[in-house]
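Summary of the model geometry
Read off the chains here:
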2 protein chains.
Amino acid sequence: MSPQRKLLLLGTFVHSKTQQSLDIFHNAGIAVDADGKIAAVERDVPDLSEAKARLLTKLGWDEAEVDVTQAADGQFFFPGFIDTHIHAAQYANAGLFGKSSLLDWLETYTFPLEASLSDLSRARRVYARCIRRTLSHGTTTAAYFATLDVAATNLLADLCLSMGQRAFVGRVCMDRTEMNPAYYRDASTEASLEATRQTVEHVRRIDPGFDVVSPILTPRFAPSCTREVMAGLAQMHRETGLPIQTHLSENPGEIRLVAQLFPESSSYTDVYHRLGLLTPRTVLAHAVHLSEEEAEVIAREGAKVSHCPCSNTSLTSGAARVRWLWDKGIDVGLGTDVSGGYSHSILEAARQAAMVSRHVAMNIEIPRDDDDDAAAAEEKTKEKERVKLTVEEVLYLATRGGAKCVGLEEKVGGFEVGMEWDAQLVGLSHVHDDGELHHDGGGDGDDHGFVDVFGWESWGERVAKWLYNGDDRNTKRVWVKGRLVHRRR
Amino acid sequence: MSPQRKLLLLGTFVHSKTQQSLDIFHNAGIAVDADGKIAAVERDVPDLSEAKARLLTKLGWDEAEVDVTQAADGQFFFPGFIDTHIHAAQYANAGLFGKSSLLDWLETYTFPLEASLSDLSRARRVYARCIRRTLSHGTTTAAYFATLDVAATNLLADLCLSMGQRAFVGRVCMDRTEMNPAYYRDASTEASLEATRQTVEHVRRIDPGFDVVSPILTPRFAPSCTREVMAGLAQMHRETGLPIQTHLSENPGEIRLVAQLFPESSSYTDVYHRLGLLTPRTVLAHAVHLSEEEAEVIAREGAKVSHCPCSNTSLTSGAARVRWLWDKGIDVGLGTDVSGGYSHSILEAARQAAMVSRHVAMNIEIPRDDDDDAAAAEEKTKEKERVKLTVEEVLYLATRGGAKCVGLEEKVGGFEVGMEWDAQLVGLSHVHDDGELHHDGGGDGDDHGFVDVFGWESWGERVAKWLYNGDDRNTKRVWVKGRLVHRRR
């Protein structure tokens, strides 16, 4: 790769200040060095030319060595999204799940598609499309499940690197003979671990510092794996520090199956805990039906949860309780879980996280018509309000929450000096006086989506409108580590 | 308006055969006469030129008097969507609802915006945009709530007629002094009825046969209205046959309020029933928390329900049970309920109907670990499966179900001879061999959305992919009554 030019970004910036609040600052500038790191942030300046001048002076940069991007009026920079759980191979099945739930969905839709990607031309087509589409929706980091196949998994890593998406790429381990279809399983425990090592070595060759692409150890889920392969992956984690991803407590049928297969364990979580897979670098997808005890173990071990609202509803898995997970001290990010989830958009996942939290709220019964219970009723009413997630909270989940989940909170998810420039430029649609659409197009050559700004909205309201109706048309440009990786045409 | 040219539509057509199944037919042709009526449907022909020749011969039409639209490979014609409940005035607030629920949402977000639309330039901007956007998402018929203001409501009717959207336009009646804000209520019961008559007369002037635009009698909801205004509107219905729309049983707080305000009634439904508002031409929005008795009254009176899944979740209202309503023999359509619902897309409403039905399913508890209850457990398991809505069922709700809801089932919602040509042409995105996006653009000048077809999908799967990830970019053209009212550029 040729060395990158430095960047100056000028305009309005929006990112999470805390879990509950957004920081929105205008007429500001951010300078990004040739390594993609934020070198300076200039706030509270009267105008953009002033911001630019101050940054250049402060850093001693010559304007000639810098590419300047100025957000247009009404546009804003936002951190890139982090998808903490997505099956790249299943991208081709987005929207296909019928009335299935987890276990029959795997047999009917998922395993046949995944197996078919050992054909590398097919894998290239599906993986490249998945990366291109997720980039175009602002996903700058993705934690991918690939398939069993080493060559296809390595191809996914190659494509992420060349297309510039920060990624964790996992070859899926499935070595349990009786639980996986004969046409789609590892030949043995040793073969499963060896294939994992081959992918780790491949990624080390193409990106030695794991700066953009990193391997991730990926036991599919307990029912697919022998104790030996899970223990082997845990050992690999201890030797290498590589992160781990798997599924946990998605569906009641799955949980009963795990109890049958692992009678020595007190819970689904305990299966992973005993085998050494619960670590601060572990991403557990779903975590819908956890007991208090399971949540406490996860919190104690520092493992993370990837909340996948779209998938959990689509497959009738259940409604995960994000507020409750947060109360327990567990870090949570968002996963699209394509194709259990039908949408590859993290903005859509954020919307659906808000919606699922409202279903959790609606399931809280408030006692009525009993004066003795007035205090209990009041408490339930408060709790019902409290469990709902706000606009600010779901956007936190989509950015800094996700960054924590994959261990990148020092690098991405916000706009502080020393972090890397993983970001998107967002533009909304302005409503003309006659209300009609005018395809003047500007430089974009396409329309601007259907988030309609009338002009009287506050900035917080614009962000809310974007959350609830935004799509890839609002994501005008996307950068990873300072590199422009997507631009709408 | 100049007389319309005849139409020939050639290609693949998809519409609901029954509530549970789609009819997908290829190499077919539909002829539409100058009144916008389907004159002939030609199926099972070997190719499109044959379909065209047969139709022209059968009808004795000369090719010169006909505009031909041929669906490209992979495209299909689908009936226009019917939005059975949408507040045009609230379009400007889409996505703005915070953590509110119904009653505080009305005070905080809704009444101020509605009141502000007595400024006609503001009303024009919001209404024109609402119509343009809903047309662009394939909504060919909308049942609109406007505001209290007669001039602005009449403007909405004018705009629907000139932009070509089939619409029911309701001036909102809110005459109850203590329950509506002083800045936004009718001056008196008589003033409320008189203002309603003014809008009815206006619509009669601009569209005497109510062929495209019809008035609809619109008591906002029981708490906003006196008994007298509701009885007066019921009387107007009996005299004119005009349809009625209102809200019913959306939120527990609202239901308690209705019980306080109308102590003589045995239920919320009974308020409307006693006053003569439950008729076969009545659309009841929401109907989330009905008792068995209420559902039976609604079914007996033949009133219809507009299911608004997005709104019901966003405002934490509850999860309406479509399967249960169907079991009771009630006709159901879909409503976006903008801006209780954040999206004006009926395709999105259909998706969310599928999702909400899964939340209804998830709330069915299956008894465990008790052999005595094995039969009960099996029954609950079956019920859990049964309440989920399929792709076919939610698309039925969006088309024929909605048509029944607004009394247009003989005219729109499907492709039979004698029905009117309210339809959309749908196109999906084809994935190239390299997986990359190629903005070759075709004649469209924009991208094709993100419903990705790899080529191996069945037609049923293509439709499912469209349902779950489609947006306005997939709706290439829209016709109402044979008139082309939207075309993507």
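The structure we're discussing is the one just above.
Below, the structure is looked at part by part. (Residues numbered from 1 in each chain as written. Chains lettered and ligands numbered in written order. Predicted model: local features only at pLDDT ≥ 70, side-chain atom pairs only at ≥ 80, totals over all residues. Heavy atoms only, no water.)

1. As for the pairing of strand β12 (residues 244–248) of chain A
Residues and elements named next belong to chain A. Within β12, 5 of the 5 residues are buried, which leaves it mostly tucked inside the rest of the structure. By the alternation rule, side chains of β12 split into Ile244, Thr246 and Leu248 and Gln245 and His247, which are all buried. For β12 and strand β13 (residues 282–286), the ladder comprises 5 bridges, and the chain directions are parallel. Of the residues in β13, the one forming a bridge with leucine 248 is histidine 286. (Buried < 20%, exposed > 50% of the residue type's maximum accessible area, 1.4 Å probe, protein only. Helix = DSSP H or I, 4+ residues; strand = E, 2+ residues; numbered from the N terminus. Pairing = 2+ DSSP bridges.)

2. Remarks on the interface of chain A and chain B
Counting from both sides, the interface comprises 74 residues of chain A and, opposite them, 74 residues of chain B. Summed over both partners, the interface of chain A with chain B buries about 6,500 Å², with 53% contributed by carbon and sulfur atoms. Among the residues of chain A in contact with chain B, Lys99, Arg125 and Arg129 of chain A are the three that bury the most area, contributing 13% of the side total. The interface formed by chain A and chain B includes 11 salt bridges. Between aspartate 471 of chain B and arginine 473 of chain A there is a salt bridge whose closest N-O contact spans 3.8 Å. The interface formed by chain A and chain B includes 43 residue pairs in polar contact (both at pLDDT 80 or more). Contributions of two or more residues to the side of chain A that touches chain B are made by α3 (120–136), α10 (309–314), α12 (346–362), α13 (374–387), β17 (429–430) and α15 (459–469) of chain A. Sort the elements by how many residues they give to the side of chain A that touches chain B and α3 of chain A lands first, with 8 residues. Looking at the side of chain A that touches chain B, its residues break down into 22 nonpolar, 23 polar and 29 charged. (Contact = heavy atoms within 4.5 Å. Buried area = accessible area lost by both parts, 1.4 Å probe. Salt bridge = Lys/Arg side-chain N within 4 Å of Asp/Glu carboxyl O. Polar contact = N/O pair within 3.5 Å; in protein donor to acceptor, adjacent residues only side chain to side chain. Nonpolar A, V, L, I, M, F, W, Y, C, P; charged D, E, K, R; others polar.)

3. Quick look at the side chain of lysine 304 of chain B
All names here are of chain B. Among the secondary structure elements, lysine 304 is positioned in strand β14 (residues 304–307). On the accessibility criterion, lysine 304 (11% relative accessible area) is buried. In this structure the side chain of lysine 304 is engaged in a polar contact, spanning 3.1 Å, whose partner is the backbone oxygen of glycine 302.

4. What to know about the packing of helix α5 (residues 189–206) of chain A against helix α6 (residues 227–240) of chain A
All names here are of chain A. Close contact between α5 and α6 brings their axes to 9 Å; oriented N to C, the two are set at 30 degrees. Between α5 and α6, the interaxial angle falls into the category roughly parallel. Taken as a pair, α5 and α6 cross one another with a handedness that is right-handed. Touching Thr189, Ser192, Leu193, Thr196 and Arg197 of α5 are Glu228, Val229, Gly232, Leu233 and Met236, all from α6. (Axes fitted to C-alpha atoms, helices over the stretch in contact; angles between N-to-C directions. Parallel < 35°, antiparallel > 145°, perpendicular 65-115°, else oblique. Left-handed = near helix turned anticlockwise from the far one by under 90°.)

5. Observations concerning the relation of the copies chain A and chain B
Of the two same-sequence chains, chain A is brought onto chain B (RMSD 0.0 Å, axial shift 0.0 Å) by a rotation of 180 degrees. The superposition operator between the copies reduces to a two-fold rotation axis. When the interface residues of chain A are mapped onto chain B, 100% of them are again interface residues, pointing to one common binding face. (Least-squares fit on C-alpha atoms with pLDDT ≥ 70 in both.)

6. With respect to the nonpolar core
Core analysis: the biggest nonpolar cluster contains 166 residues, and Met230, Tyr272 and Trp466 of chain A together with Met230, Tyr272 and Trp466 of chain B have the highest contact counts within it. Apart from residues no more than four positions distant in its own chain, tyrosine 272 of chain A is found in contact with Phe221, Ala222, Met230, Thr246, His247, Leu248, Leu277, Leu278 and Leu284 of chain A. (Core = buried A, V, L, I, M, F, W, Y, C linked by side-chain atoms within 4.5 Å.)

7. Looking at α13 of chain A
Its 14 residues give α13 of chain A an end-to-end C-alpha distance of 20 Å, which sits within 8% of 20 Å, the value for a rise of 1.5 Å per residue. Elements in contact with the buried residues of α13 of chain A: α11 (322–327) and α12 of chain A. (Expected span 1.5 Å × (residues − 1).)

8. Looking at the sheet that holds strand β10 (residues 213–215) of chain B
Residues and elements named next belong to chain B. If you walk across this open sheet you meet the 4 strands as β6-β7-β8-β10, and the pairing is parallel. At either end of the open sheet lies a strand with only one pairing partner, and these are β6 (81–87) and β10. For this sheet, the mean angle separating the axes of adjacent strands, direction not counted, is 15 degrees. Of the strands in this sheet, β6 and β7 (139–145) are in contact with helix α3 (residues 120–136), which crosses β7 at around 145 degrees.

9. Description of the packing of aromatic side chains
Throughout the structure, instances matching the rule amount to 43 aromatic pairs over all chains. Geometrically, the ring pair formed by phenylalanine 13 of chain B and tryptophan 421 of chain B is edge-to-face, given 6.4 Å between the ring centres and 70 degrees between the ring planes. With phenylalanine 13 of chain B in strand β1 (residues 6–16) and tryptophan 421 of chain B in the loop between α14 (391–405) and β16 (423–426), this pair connects stretches of sequence that are 408 residues apart. Tryptophan 421 of chain B matches phenylalanine 13 of chain B in its accessibility class, with the two residues each being buried. An aromatic cluster is built from Phe13, Phe25, Phe77, Phe415, Trp421 and Trp479 of chain A, whose rings are joined through pairwise contacts. One Lys or Arg, arginine 122 of chain B, reaches over the ring of tryptophan 456 of chain A and ends 3.8 Å from the middle of that ring. In this structure, arginine 176 of chain B packs its charged tip against the face of phenylalanine 262 of chain B, placed 5.2 Å from the ring centre. (Phe/Tyr/Trp six-rings, centres within 6.5 Å; stacked < 30°, edge-to-face > 60°. Lys NZ or Arg CZ within 6 Å of the ring centre and 35° of its normal.)

10. Some words on the pairing of strand β1 (residues 6–16) of chain A
Residue and element names in this part refer to chain A. Of all 11 residues in β1, 11 are buried, a share of seventy percent or more. Of the strand pairs in this sheet, β1 and strand β4 (residues 66–70) are connected by 5 bridges, and their pairing is parallel. Across the sheet, residue leucine 8 finds its bridge partner in β4, namely valine 68. Linking β1 to strand β2 (residues 22–32), which pair antiparallel, is a turn of 5 residues.

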